[in-house]
Every structure is written in C-alpha cells, then in structure tokens.
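Results of the structural survey
Residues per chain are reported as follows:
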Amino acid sequence: MGWEKYVNRFLAILAVAALSASTASAADMLAPVAGSAYDWSGLYVGGHLGVANGDITATDMTEPNGGFFTDLVPAGTEGFDFNKAGVAGGIHAGAQWQWGQFILGGEATWTATGIRKTITSPYFPDSDTETAKISNYATVVGRVGYAFDRVLIYAKAGYAGGKVDFRARDNDALVTYEKNEWQNGYALGAGIDYALTNNLSLGVDYTHVDLGHKTSTGDNVFDDGTLGDNPETYRTEAKVDAVMARLTYKFGMGQ
C-alpha cells in the first residue's frame with residue numbers, strides 16, 4: 001500500500017500540470033498551431049533523484065526436491081519474495097526534435113538504487129537467510145511528447161536492463177549461494193518537464209522497469225572456500241517502479 005501513494009502523487013502532479021498548461025494555452029490552441037514559442041529540440045544531459053520500489057522473486061529450480069535451501073518442497077514451486085523501496089538516482093542523456101507542438105526523441109539513462117532486502121527463510125527460519133538487491137539499471141527508450149510552450153508532457157518505451165543479485169545463506173553450516181546477473185527486459189513510463197530557462201528544465205518522471213527473468217546455476221561455497229556437493233539453480237525475476245525528479249541541461253538556445 002505504501003508504494004501506491006508515490007504513483008498517485010505523480011499522476012496528480014501530471015494531471016494538474018497538464019490542466020494548467022492546457023488552460024494557459026487555450027487561446028493559442030483555438031488558432032492555427034504554429035508551434036510553441038519555446039523550442040524543445042536539441043541534445044540534453046541531466047541528473048535524476050527519487051524513490052524506486054523493487055519487486056524480486058527467487059524460485060529454487062533444483063531437482064529433485066527443491067535444492068539445499070528449500071528441500072522440503074518440489075523444485076520450481078516455492079521460493080522467496082522481496083519487496084523493498086529505496087533511494088535511487090543517476091544520469092540521463094538524449095536528443096529530441098520538435099515539429100509544431102509534437103516532439104519525438106530518444107533517451108538513455110543509468111540509475112543506481114538502494115533496493116536491498118534480507119529475509120528469514122520460511123523453510124529453515126532458525127538457520128537460513130536470503131538477500132536480494134537491484135544495484136543498478138539502465139534504459140534506452142524512445143519518447144513522444146506534446147508541448148504547451150515551456151511545458152512538455154511525454155510518454156516513453158524501450159529497453160531496460162539491470163543487475164540483480166540473490167544470496168542464500170545457511171548460518172549453521174556456514175555455506176552461501178550467490179549469483180549476481182545482468183537481466184534484460186523493457187521500460188515504460190511518462191513524465192512532465194518545465195523549461196526554467198532556455199537551457200535548463202525541471203521535471204518529474206515515472207518509469208516501470210521489468211527486468212524479466214533469468215535462471216542461473218552456482219556452487220554452494222563454504223566459509224573455508226570449499227564447494228558443496230549440490231550446486232543450486234535459481235530463477236530470479238525483478239521489477240522496479242521509480243518516481244524521479246529530473247534536472248536537465250539542453251544544449252543550444254531555444255527560440
């Protein structure tokens with residue numbers, strides 16, 4: 001329930017900004033569209049900071065009985081769920097072109113996150129813990145927008161990839177399984193920017209990142225460095241929902 005308030009707040013800001021921009025531009029919209037007075041075309045770079053919520057699952061796929069850490073249940077039927085919000089931030093860069101009030105462009109982002117959570121195993125609560133994290137993710141998206149002079153509303157979609165880590169630890173046997181893998185998926189989102197000056201804009205952005213799933217096999221490693229006889233295979237799935245404040249510098253003067 002806590003995460004929904006960030007999305008609802010973003011949607012409310014977006015709606016109010018769009019309504020305000022529409023009202024301010026109503027007279028211009030009744031006349032033939034000659035484009036915005038402000039020109040959004042150009043290359044840009046910037047930074048973003050906000051909150052990201054991660055949803056990670058790790059399912060034990062080891063046959064025949066679910067592996068070392070979940071050997072009470074059949075393989076592929078049980079695992080671990082992690083849901084954690086954290087501070088996130090990074091950089092973005094892109095290019096866009098304006099025709100009238102319509103804008104098309106592309107953007108790349110890189111974001112580091114504080115998404116990390118450790119839980120007690122529901123199968124062996126007296127000894128085992130599991131930890132999952134998303135250390136960072138990147139997106140490459142296309143953007144389409146509509147400008148009301150210095151206000152730009154946009155939607156975006158494209159590729160996303162991120163580093164997903166899963167760690168299982170038996171604190172009695174002193175043995176650990178860990179895999180840290182890059183996973184690929186997609187990104188969808190929307191946002192609003194306001195041009196403070198001809199070069200500097202401030203915005204709010206919402207992005208849903210689906211990092212898909214990946215199945216990986218790794219050794220169980222004892223604290224003395226020796227390997228266990230039973231390698232583990234886990235399938236990890238990960239998603240992120242992020243709301244970011246953005247500060248962007250556009251190269252070249254607007255009209």
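Residues numbered from 1 in each chain as written. Predicted model: local features only at pLDDT ≥ 70, side-chain atom pairs only at ≥ 80, totals over all residues. Heavy atoms only, no water.

With that settled, consider the pairing of strand β1 (residues 42-60). Taken residue by residue, a regular strand's side chains alternate between the two faces of the sheet. Where β1 meets strand β2 (residues 79-99), 18 bridges bridge the pair, whose relative direction is antiparallel. Looking across to β2, one finds that V45 is bridged to A93. Looking at chain direction, β1 and strand β9 (residues 232-250) are connected through 17 bridges and run antiparallel. Counted as the bridge partner of H48 is R246 from β9. (Pairing = 2+ DSSP bridges. Helix = DSSP H or I, 4+ residues; strand = E, 2+ residues; numbered from the N terminus.)

When strand β3 (residues 102-120) meets strand β4 (residues 128-148), the two strands line up antiparallel, connected through 17 bridges. The residue bridging L104 from the neighbouring strand is V144, located in β4. Of the pairings in the sheet, the one linking β4 to strand β5 (residues 151-170) comprises 20 bridges and is antiparallel in character. Counterpart to F148 in the pairing with β5 is V151.

With that settled, the discussion passes to the confidence of the model for the chain. Summary statistics for the chain give a mean pLDDT of 87 and a share of 84% for residues scoring 70 or more. Across residues 9-34 the pLDDT falls below 50, and counting only partners more than four positions away or on other chains, this stretch makes 19 contacts in the model. (pLDDT = per-residue confidence, 0-100. Contact = heavy atoms within 4.5 Å.)

Turning our eyes to something else, we now look at the packing of aromatic side chains. Two measures describe an aromatic ring pair: the distance that separates the ring centres and the angle between the ring planes. Taken as a whole, this structure holds ten aromatic pairs when the rule is applied. Ring-pair connections join several aromatic residues into one group, and the members of that group are F80, F82, Y123, F166, Y177 and Y234. Its guanidinium or amino end placed over the ring of Y154, R143 lies 3.9 Å from that ring's centre, counting from NZ or CZ. (Phe/Tyr/Trp six-rings, centres within 6.5 Å; stacked < 30°, edge-to-face > 60°. Lys NZ or Arg CZ within 6 Å of the ring centre and 35° of its normal.)

So, about the nonpolar core. Counting residues in hydrophobic clusters, the biggest one holds 28 residues, and the most contacted among them are I56, F166 and V240. Of all the secondary-structure elements, those providing two or more residues to this core are β1, β2, β3, β4, β5, β6 (175-195), β7 (200-218) and β9. Looking at this core, the element that brings in the most residues is β9, giving five residues. Sequence-distant contacts of V240, that is, excluding residues within four places in its chain, are made with A52, N53, I115, I134, Y137, T207, H208 and V209. Ranked by size, the runner-up nonpolar core spans seven residues in total, among them Y38, I103, L152 and A195. (Core = buried A, V, L, I, M, F, W, Y, C linked by side-chain atoms within 4.5 Å. Buried < 20%, exposed > 50% of the residue type's maximum accessible area, 1.4 Å probe, protein only.)

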